[in-house]
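Examination of the molecular architecture
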Amino acid sequence: MTFLPIGPWPVLLVLVVAALVAVWWNPSSRSVPGESRATHWRLTAMVVLLGVAALRPAVPGDEVDASAANLNVYFVVDTTSSIIAEDYGNERPRISGVESDITAVTEALPGARYSVITFDQSTRVRVPLTTDSNALDAALETLIPEASEYSRGSSITAANERLGRMLEQADERNPDRGRVVFYLGDGEQTAPEPAVPFTIDPRLINGGAVLGYGTSEGGRMKATRSRFDATTDYIIDPATGEDARSVIDEDNLRGIGEQLGLTYVHRESGDSIEPVVSSVDLERFGTSAEVEAQRVRARQELYWPLLIGVAGLAVWELGASLTALSQTRRRKEAQP
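Below is a short write-up of the structure. (Residues numbered from 1 in each chain as written. Predicted model: local features only at pLDDT ≥ 70, side-chain atom pairs only at ≥ 80, totals over all residues. Heavy atoms only, no water.)

Some thoughts on the packing of helix α2 (residues 37-54) against helix α9 (residues 303-334)
The contact between α2 and α9 brings their axes to 9 Å, and the two run at 160°. Between α2 and α9, the crossing angle belongs to the class labelled roughly antiparallel. Judged by the sense of rotation from one axis to the other, the crossing of α2 with α9 is left-handed. Contact residues: α2 offers Thr39, Arg42, Leu43, Ala45, Met46, Leu49, Leu50, Val52 and Ala53, while α9 offers Tyr303, Leu306, Leu307, Gly309, Val310, Leu313, Ala314, Trp316, Glu317 and Ala320. Across the contact of α2 with α9, the residue classes tally to 15 nonpolar, two polar and two charged. (Axes fitted to C-alpha atoms, helices over the stretch in contact; angles between N-to-C directions. Helix = DSSP H or I, 4+ residues; strand = E, 2+ residues; numbered from the N terminus. Parallel < 35°, antiparallel > 145°, perpendicular 65-115°, else oblique. Left-handed = near helix turned anticlockwise from the far one by under 90°. Contact = heavy atoms within 4.5 Å. Nonpolar A, V, L, I, M, F, W, Y, C, P; charged D, E, K, R; others polar.)

Focus: a nonpolar patch on the surface
Together, Trp9, Leu13, Val17, Val21 and Trp25 line one region of the surface with nonpolar side chains, adding up to about 580 Å² of accessible area. Structurally, Trp9 can be placed in helix α1 (residues 9-24). Judged by relative accessible area, Trp9 falls into the exposed class, the value being 57%. (Patch = residues over 30% accessible without salt bridge, like charges linked within 9 Å, V, L, I, M, F, W, Y side chains within 5 Å. Areas by Shrake-Rupley, 256 points an atom, 1.4 Å probe, with all protein chains shown as cover. Salt bridge = Lys/Arg side-chain N within 4 Å of Asp/Glu carboxyl O. Buried < 20%, exposed > 50% of the residue type's maximum accessible area, 1.4 Å probe, protein only.)

Some remarks on the nonpolar core
Membership of the largest hydrophobic core comes to 37 residues, with the highest contact counts inside it found for Val73, Phe75, Leu109, Phe182 and Leu184. Put simply, the parts of the chain that give this core at least two residues each are β3 (71-78), α3 (94-108), β4 (113-119), α4 (133-141), β6 (178-185), β7 (208-212) and α7 (274-277). Ignoring anything within four residues of it in the chain, the contact list for Leu184 reads Phe75, Val76, Val77, Asp78, Val98, Asp101, Ile102, Leu211 and Tyr213. Judged by nonpolar contacts, the second largest core, of 23 residues, contains Ile117, Met166, Val181 and Phe198. (Core = buried A, V, L, I, M, F, W, Y, C linked by side-chain atoms within 4.5 Å.)

Remarks on the environment of Ala54
With respect to the helices, strands and loops of the structure, Ala54 is situated in helix α2. With a relative accessible area of 12%, Ala54 lands in the buried category. Not counting chain neighbours up to four residues away, the residues in contact with Ala54 comprise Pro5, Ile6 and Leu12.

Topic: the sheet that holds β3
Pairing is mixed in the open sheet, where six strands are placed in the order β5-β4-β3-β6-β7-β12. At either margin of the open sheet sits one strand with a lone partner, and together these are β5 (123-130) and β12 (263-266). The sheet shows a mean angle of 15° between the axes of neighbouring strands, direction not considered. Against the sheet, α3 contacts β3, β4, β6 and β7, and its axis sits at roughly 175° relative to β3. (Pairing = 2+ DSSP bridges.)

Regarding the packing of aromatic side chains
Throughout the structure, instances matching the rule amount to six aromatic pairs. Pairing Trp24 with Trp41 gives two aromatic rings, centres 5.1 Å apart and planes at 75°, and the pair type is edge-to-face. Residue Trp24 is found in helix α1, and its partner Trp41 is found in helix α2; the two are separated by 17 residues along the sequence. A relative accessible area of 52% means that Trp41 is categorised as exposed. Ring geometry for Tyr88 and Tyr213: centres 6.3 Å apart, planes at 55°, overall tilted. (Phe/Tyr/Trp six-rings, centres within 6.5 Å; stacked < 30°, edge-to-face > 60°.)

Considering the packing of α1 against α2
Their axes nearest at 10 Å, the elements α1 and α2 cross at an angle of 175°. Taken together, the axes of α1 and α2 are roughly antiparallel relative to one another. Contacts between α1 and α2 involve Leu12, Val16, Ala19, Leu20, Val23 and Trp24 from the first element and Arg37, His40, Trp41, Leu43, Thr44, Val47, Gly51 and Ala54 from the second. For the contact of α1 with α2, the class distribution of residues is 10 nonpolar, three polar and one charged.

What to know about helix α5 (residues 160-173)
Taking 1.5 Å per residue as the helical rise, α5 with its 14 residues ought to reach 20 Å, and the 20 Å between its terminal C-alpha atoms agrees with that figure. Buried residues of α5: Asn160, Leu163, Gly164, Met166, Leu167 and Ala170, and no others. The buried residues of α5 occupy one face: seen down the axis, they fall within an arc of 165°. Residues Glu161, Glu172 and Arg173 are exposed on α5 and point more than 90 degrees away from its buried face. (Expected span 1.5 Å × (residues − 1). Arc of directions from axis to C-beta.)

A short note on the side chain of Arg179
Counting through the fold element by element, Arg179 comes out in strand β6. Here the side chain of Arg179 touches Asp171 through a polar contact of 3.5 Å, side chain to side chain. A distance of 2.8 Å separates a polar side-chain atom of Arg179 from the backbone oxygen of Leu204. When near neighbours in sequence (up to four residues on either side) are disregarded, Arg179 contacts Asn72, Tyr74, Leu167, Ala170, Asp171, Asn174, Arg203, Leu204, Ile205, Asn206 and Gly207. (Polar contact = N/O pair within 3.5 Å; in protein donor to acceptor, adjacent residues only side chain to side chain.)

Function cannot be read off these values alone, since they describe shape.
And the structure:
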């Protein structure tokens, strides 16, 4: 079994000990309804499970190709409302192409560390650099656009500052690792002011591509009322009263490519991923000088069953507390 802690293990140990002290030696806990020795043991188990999960235990898995293990790969993804315009493939939303291309890139560059950055009205790091494919898959499954009812326009270069800072930090910490950037969007600038150009030093980027989605005819966009509530209604253009249509702006996308030193590639359903990853120099940033697909043993992560155990104990504890509170109220009501 191997461990890959999320932080320095002495710090994790101190946090676990402090939490256990709070569970067992908190004088005020005696006055909490439902407080019992069983409660103490449940809380203790939760703390211990969280502590072990923070160590990220794993067992060796199958051998996997890690020919790109010396690469950091950054996916910069447009999550504005236009990314769900239905003009990709057979009237599918553009985000379907984004998701499939990210999956294809990770398969073409096995063993790399991946990060996902999204931008709309704000920029977020959805996935910090990680080799955990489960985390990347989870991010793709929840990769949904901003709520259209709150959309006020956004810039296609909104990720400039966040991406630049991440690349600079990576260069300082691991200057020998390659840094590859894939920008995925439709190039539609909806902010009232022109887009500010990317100002990232091209020397910080060692390959990648700008990937464009959409058509010149454009596509309709279904409205989204909240992060988890999609509707069957389409966004209406207030100027015409008709369904709004988003159109790809390839000039903007080519401009972003020039600013980042990357090639622009228009993407359609069924396209090969080869033109997208062809700029990545695996001879320089691969795992071996001979550019051979090195085989390494994968890690089968064990932290997620521990987190499921924590969730189960939390539900148990909540139920026990509610039951104890209800019993206390009934006793008080029964008193004359």
